[in-house]
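Overview (structure and organization)
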Amino acid sequence: MGDLAYEYKNQIYVNLTNKCSADCIFCVRKKKHSIGASASLVLGKDPTVEEFKRAISSYDFSNYDGLIFCGYGEPTCEVEKLFAIAKWFKEQYNLPVRVNTNGLGNVYNQRDILPELASVVDAYSISLNAPNAKRYEELVRPNCPDAFEQVLGFAREAIRQKKEVVLSVLSLLSPEEIEQSRQIAKELGVMLKVRVTVQTQA
Ligand code: SF4
């Protein structure tokens with residue numbers, strides 16, 4: 001089984017699932033099997049909450065400033081586990097929790113998941129990925145309709161909950177597209193992060 005938790009750039013990440021609600025042309029999973037200090041992020045099976053707790057507990061959190069849910073899959077595809085682990089982590093360590101997400105969790109789960117996560121998640125990094133729906137569809141290839149609008153709706157609701165929200169796009173976008181994305185983030189009152197991503201073959 002692949003790693004359930006791993007260290008990357010002095011942060012501890014949880015590799016919650018390999019499930020995803022999209023098929024991004026740039027997804028790092030198409031390129032390599034691991035990130036940072038992990039040996040492999042290909043899980044092979046669905047680990048239990050207890051297995052995740054054991055993996056996370058193996059790190060000394062006096063050296064880290066929180067926990068990030070981000071691995072080879074979309075964390076909100078396992079929202080019940082996400083909630084259980086985040087709740088346990090905050091009770092144990094009293095440190096912030098961030099979820100890196102594609103913003104499609106509400107569609108995937110067919111309900112608004114933000115209220116149930118409100119007490120255990122402090123921050124969201126949301127992959128905007130594109131400045132408009134057409135470009136989003138090209139790059140992300142989501143398995144649901146109106147996905148770009150769904151992402152924006154997820155971001156608006158997280159902001160309304162007063163969560164720390166950052167939107168992100170890829171450096172493979174044109175400068176004009178990055179500027180348009182920055183304008184979207186500005187209108188929402190949040191920062192835009194430009195992720196440096198190696199484009200891979202679809
Ligand atoms: S949303 Fe993330 S995990 Fe899913 S295909 Fe895109 S980059 Fe990969």
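Scroll up to find the structure this text is about.
Residues numbered from 1 in each chain as written. Predicted model: local features only at pLDDT ≥ 70, side-chain atom pairs only at ≥ 80, totals over all residues. Heavy atoms only, no water.

Within the chain, the regular secondary structure consists of seven helices and seven strands. A globule of 202 residues ought to have a C-alpha radius of gyration of about 17 Å, and the chain, at 16 Å, matches this closely. Reported as C-alpha extents along the three principal axes, the dimensions of the chain are approximately 45 × 35 × 30 Å. In the chain, buried positions account for 51% of the 202 residues. A separation of at least 24 residues holds for 78% of the contacts in the chain among residues at least 6 apart in sequence. Accessible surface computed for the chain: about 9,800 Å², of which carbon and sulfur atoms make up 49%. Charged side chains of the chain number 25 positive and 25 negative; the gap between the two group centres comes to 2 Å. (Helix = DSSP H or I, 4+ residues; strand = E, 2+ residues; numbered from the N terminus. Rg over C-alpha atoms; globule rule 2.2 N^0.38 Å. Buried < 20%, exposed > 50% of the residue type's maximum accessible area, 1.4 Å probe, protein only. Contact = heavy atoms within 4.5 Å. Areas by Shrake-Rupley, 256 points an atom, 1.4 Å probe, with all protein chains shown as cover. Lys, Arg positive; Asp, Glu negative; His and termini not counted. Charge placed at Lys NZ, Arg CZ, Asp CG, Glu CD.)

With that settled, the discussion passes to the layout of surface pockets. Of the volumes computed, that of the largest pocket is approximately 1,400 Å³. As for the largest pocket, its lining consists of 44 residues, of which V28, I35, C70, N100 and R195 are closest to the centre. Put simply, the parts of the chain that give the lining of the largest pocket at least two residues each are β1 (5–8), β2 (11–14), β4 (97–101), β5 (123–127), β6 (164–170) and β7 (191–195). Take the lining of the largest pocket: its biggest share by element is five residues, from β6. (1 Å grid on protein atoms, 1.4 Å probe; cavity = no way out; pocket = protein on both sides within 12 Å on 5 of 7 lines; lining within 4 Å. Points joined across faces, edges and corners; volume = space filled by probe spheres on them.)

The next point concerns the sheet that holds β4. Read across the sheet, seven strands follow the order β1-β2-β3-β4-β5-β6-β7 without closing on themselves; strand pairing throughout is mixed. Since the sheet does not close on itself, it has two edges, and those belong to β1 and β7, each with one partner. Recorded for the sheet is a direction-independent mean angle of 25 degrees between the axes of neighbouring strands. The sheet contact formed by β5 and β6 spans five bridges and is parallel. Its bridge partner being in β6, S125 is matched across the sheet by V166. Here helix α7 (residues 175–188) sits on the sheet and contacts β6 and β7; the angle it forms with β7, its principal contact strand, is near 150 degrees. (Pairing = 2+ DSSP bridges. Axes fitted to C-alpha atoms, helices over the stretch in contact; angles between N-to-C directions.)

Glancing now at the packing of helix α1 (residues 49–57) against helix α2 (residues 79–93). Packing of α1 against α2 brings their axes to within 10 Å, and their N-to-C directions diverge by 40 degrees. Relative to α2, the element α1 lies oblique. Viewed along their axes, α1 and α2 form a crossing whose handedness is right-handed. Two secondary-structure elements touch here, α1 through V49, F52, K53, I56 and S57 and α2 through K81, A84, I85, W88, F89 and Y93. Each residue belonging to the contact of α1 with α2 can be placed in one class, and the counts come to eight nonpolar, one polar and two charged. (Parallel < 35°, antiparallel > 145°, perpendicular 65-115°, else oblique. Left-handed = near helix turned anticlockwise from the far one by under 90°. Nonpolar A, V, L, I, M, F, W, Y, C, P; charged D, E, K, R; others polar.)

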